[in-house]
Amino acid sequence: MSGVQTVTVGVDEGEQRLDRWLKRKFPQITQGMIEKFCRKGDLRVDGKRVKASDRIDAGQVVRVPPLPDTEAPKPERVGKITAADAAMIREAVIWKDEHVIALNKPPGLPSQGGSGQGDRHIDGLTEALMFGYKERPVLVHRLDKDTSGVLLLARTPRVARRLSEGFRHRATRKIYWAIVAGVPQPLKGTIKYGLVKGGGRGEGEKMRCVHPNQVETTEGAKRATTDFAVLERLGSRAAWVALVPITGRTHQLRAHMAEMGHPIIGDGKYGGSGQENLGDGWGAQLGGDISRKMHLHARQITFEHPVTGKVMTVAAPLPPHMERSWKTLGWQENDVPADPFFDEE
């Protein structure tokens, strides 16, 4: 075990993430160790606390806590992917044929890389899903990082184009399940608020709702439509809802439900971070045994098969944290119609 070290960032080492710089300097250090050092305040830059994702500049002084003397064993890999990640993504496959793969995306795993998303994402793990094909499968749509559920991948570029056309022409139908604060009234309806990037400082990708009558006169705003239906209720405190995005805007379901006064449980970005929800239709957490993670799941997708033309429906089981919430609230997955919007009888 080494002692505390102070290392100055070299002239040619600036403009990069702290965690990547550390891994190059100290091969024995792991991402988990870096995150722990940051949480405890043992790792500092110019005497200040930092996050693993912070960027460093040439000339800054990094305080490095004691490290193991020997290089950490490298994880077993499948191509460029660790064996553990390869096994995880293969276990997420819920249906496949020679043209299409359907995953049940775990919550917390981004669909693609990008700003703030890190290096580990579905698109980067597709090498483990080739199953004998020469090309990696291709994502044809995305889910938010903290949203779980059905995600389609095309096994060839030709299939990808046909599936993408289905999404563009709205021939593909997605049904999401969520728990929301309070109980929407009426119990079934349509939300038509437009969406525009918030633009506020520190808001990142957060979207702002715009009244339908103001969409045309609001710069950058786009029309957005969501169908919703209440499936079960917990008194007046919360509801299990089905959501169908007619359009496919960024954060559409999350922003629309929050605009109604019924944010999705676990959605701190749109519903605030309050732990308690008193039944007035606001507050991102229910408290008690209900997980603080996002309760939004892409339950089902119906699409026309790009080769056979057959209409296919694939459903994804709830992730563990939502399954526990359903059990706690006494709700059963099989007690509601698969598509409540077509169950008018």
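Scroll up for the structure.
The structure contained in this document is the topic of the report that follows. Numbering of residues starts from 1 in each chain and follows the order in which that chain's sequence is written. Note on the predicted model: pLDDT of at least 70 is required for a residue's local features to be given, and 80 or more for side-chain atom pairs to be given and counted; whole-chain, interface and lining totals, by contrast, use all residues. Excluded from the side-chain calculation are hydrogens and water; included are all heavy atoms of the structure.

1. Looking at the overall build of the protein
Move 1: Runs of E in the DSSP output that reach at least two residues are strands. Runs of H or I that reach at least four are helices, and both are numbered from the N terminus. Within the protein one finds 8 helices and 20 strands.
Move 2: Exposure is judged per residue with a 1.4 Å probe applied to protein chains only, and the accessible area is read against the type maximum: over 50% gives exposed, under 20% gives buried, and values in between give partly exposed. Scored against the burial criterion, the 345 residues of the protein give a buried share of 46%.
Move 3: Sequence separation of 24 or more characterises 64% of the internal contacts of the protein that already satisfy a separation of 6 or more.
Move 4: Areas reported as accessible are Shrake-Rupley estimates using a 1.4 Å probe. Residue values count occlusion only from the protein chains shown. On the protein, roughly 18,000 Å² of surface is accessible, and the fraction owed to carbon and sulfur atoms is 46%. In this analysis, two residues are considered to be in contact whenever any of their non-hydrogen atoms come within 4.5 Å of each other.

2. Describing the pairing of strand S9 (residues 93–96)
Move 1: Bridge count for S9 against strand S10 (residues 100–105) is 3 bridges, and the pairing is antiparallel. If you follow Trp95 over to S10, its bridge partner there is Ala102.
Move 2: With antiparallel pairing between neighbouring strands as the criterion, S9 and S10 make up a hairpin whose turn holds 3 residues. Any two strands with at least two DSSP bridges between them are considered paired.

3. Focus: helix H5 (residues 157–168)
Move 1: A helix is expected to span 1.5 Å multiplied by its residue count minus one. Under the 1.5 Å per step criterion, the end-to-end length of H5 is 16 Å for 12 residues, consistent within 8% with the ideal 16 Å.
Move 2: The inward-facing, buried residues of H5 contact S10, strand S11 (138–139), strand S12 (148–154) and strand S19 (296–304).
Move 3: Where H5 terminates, the next one or two residues include Arg170, which has phi positive at roughly 60°.

4. Re the nonpolar core
Move 1: For the purposes of this section, nonpolar cores are sets of buried Ala, Val, Leu, Ile, Met, Phe, Trp, Tyr and Cys residues that join through side-chain atoms within 4.5 Å. Core analysis: the largest hydrophobic core is formed by 32 residues, its most contacted members being Leu103, Leu243 and Leu296.
Move 2: In this structure Leu103 touches Ile89, Ala92, Val93, Ile94, Ile122, Leu129, Gly149, Val150, Leu151 and Leu153, once residues within four positions along its chain are discounted.
Move 3: Trp177, Ala229, Trp240 and Trp331 belong to the second largest nonpolar core, which has 20 residues in total.

5. So, the packing of aromatic side chains
Move 1: Centres within 6.5 Å are what make two rings of Phe, Tyr or Trp a pair, Trp counting through its six-membered ring; a difference in plane orientation under 30 degrees is then read as stacked, over 60 as edge-to-face, and the rest as tilted. For the coordinates displayed, the defined rule picks out 5 aromatic pairs.
Move 2: Ring pairing ties together the aromatic residues Trp177, Trp240, Trp326 and Trp331, which thus form one cluster.
Move 3: Its end group placed over the ring of Tyr133, Arg155 keeps NZ or CZ at 4.0 Å from the ring centre.
Move 4: Geometrically, a charge over a ring is one whose NZ (Lys) or CZ (Arg) sits within 6 Å of the ring centre while staying within 35 degrees of the ring normal. If you follow Lys206 out to its NZ or CZ, it ends over the ring of Tyr270, 5.6 Å from the centre.

6. Comments concerning the pairing of strand S6 (residues 61–64)
Move 1: Covered by surrounding structure in S6 are Val62 and Val64 only, the residues Val61 and Arg63 on the alternate face being uncovered.
Move 2: When strand S1 (residues 5–8) meets S6, the two strands line up antiparallel, connected through 4 bridges. Looking across to S6, one finds that Gln5 is bridged to Val64.
Move 3: Judged from the 2 bridges that link them, strand S3 (residues 44–45) and S6 form a sheet pairing that is antiparallel. Directly across from Val45, in S6, lies its bridge partner Val62.

7. So, the sheet that holds S3
Move 1: Pairing in this open sheet of 4 strands is antiparallel, and the strands run S1-S6-S3-S4 from one edge to the other. In this open sheet, the two strands that pair with only one neighbour each are S1 and strand S4 (48–49).

8. Regarding unusual backbone geometry
Move 1: Note that the residue after Gln185, namely Pro186, is joined by a cis bond; omega there is 0°.
Move 2: Tracing the sequence through the fold places Pro186 in the loop between strand S13 (173–181) and strand S14 (188–191).
Move 3: For Asp46, which is not glycine, the phi dihedral falls at a positive 55°.
Move 4: Here Asp46 lies in the loop between S3 and S4.
Move 5: Phi is positive for Phe131, close to 45°, though the residue is something other than glycine.
Move 6: In this structure, Phe131 sits in the loop between helix H4 (122–125) and S11.

9. Focus on the pattern of salt bridges
Move 1: Think of a salt bridge as a Lys or Arg side-chain nitrogen and an Asp or Glu carboxyl oxygen that are within 4 Å of each other. For the structure shown, the criterion picks out 9 salt bridges.
Move 2: A salt bridge links Arg17 to Asp19, with the shortest nitrogen-to-oxygen separation between them at 2.8 Å.
Move 3: Accessibility expressed as a relative area gives 3% for Asp19, which makes it buried.
Move 4: Between Lys40 and Asp42 there is a salt bridge; the shortest N-O distance is 4.0 Å.
Move 5: Since its relative accessible area comes to 52%, Lys40 is described here as exposed.
Move 6: Among the charged side chains, a network of salt bridges with common partners joins Asp144, Arg254 and Asp267.

10. Quick notes on helix H6 (residues 252–259)
Move 1: The buried count for H6 comes to 7 of 8 residues, which makes it a mostly enclosed element.
Move 2: Directly after H6, the chain includes Gly261, whose backbone phi takes a positive value near 90°.

11. A word on the environment of Lys222
Move 1: On the secondary structure map, Lys222 appears in the loop between strand S16 (207–210) and strand S17 (226–234).
Move 2: In this structure the C-alpha to C-alpha distance between Lys222 and Arg249, which are 27 residues apart in sequence, comes to 8.1 Å.
Move 3: Those residues in contact with Lys222 that sit more than four places away from it in its chain are Gly194, Leu195, Val215 and Arg249.

12. Structural notes on a positive patch on the surface
Move 1: Patch membership requires more than 30% relative accessible area and the absence of a salt bridge. Residues of like charge join within 9 Å; the nonpolar side chains Val, Leu, Ile, Met, Phe, Trp and Tyr join within 5 Å. Under the counting rule used here, the positive set is Lys and Arg, the negative set is Asp and Glu, and His together with the chain ends is not counted. Lysine's charge is taken at NZ, arginine's at CZ, aspartate's at CG and glutamate's at CD. Where like charges cluster on the molecular surface, the positive patch consists of Arg170, Lys197, Lys222 and Arg249.
Move 2: Here Lys197 shows up in strand S15 (residues 194–197).
Move 3: Residue Lys197 is classed as exposed on the basis of its relative accessible area, which comes to 57%.

13. Digging into the environment of Asp289
Move 1: Examined against the element boundaries, Asp289 turns out to sit in the loop between helix H7 (268–271) and S19.
Move 2: When the C-alpha atoms of Asp289 and Leu329 are compared, they prove to be 9.7 Å apart, with 40 residues separating the residues in sequence.

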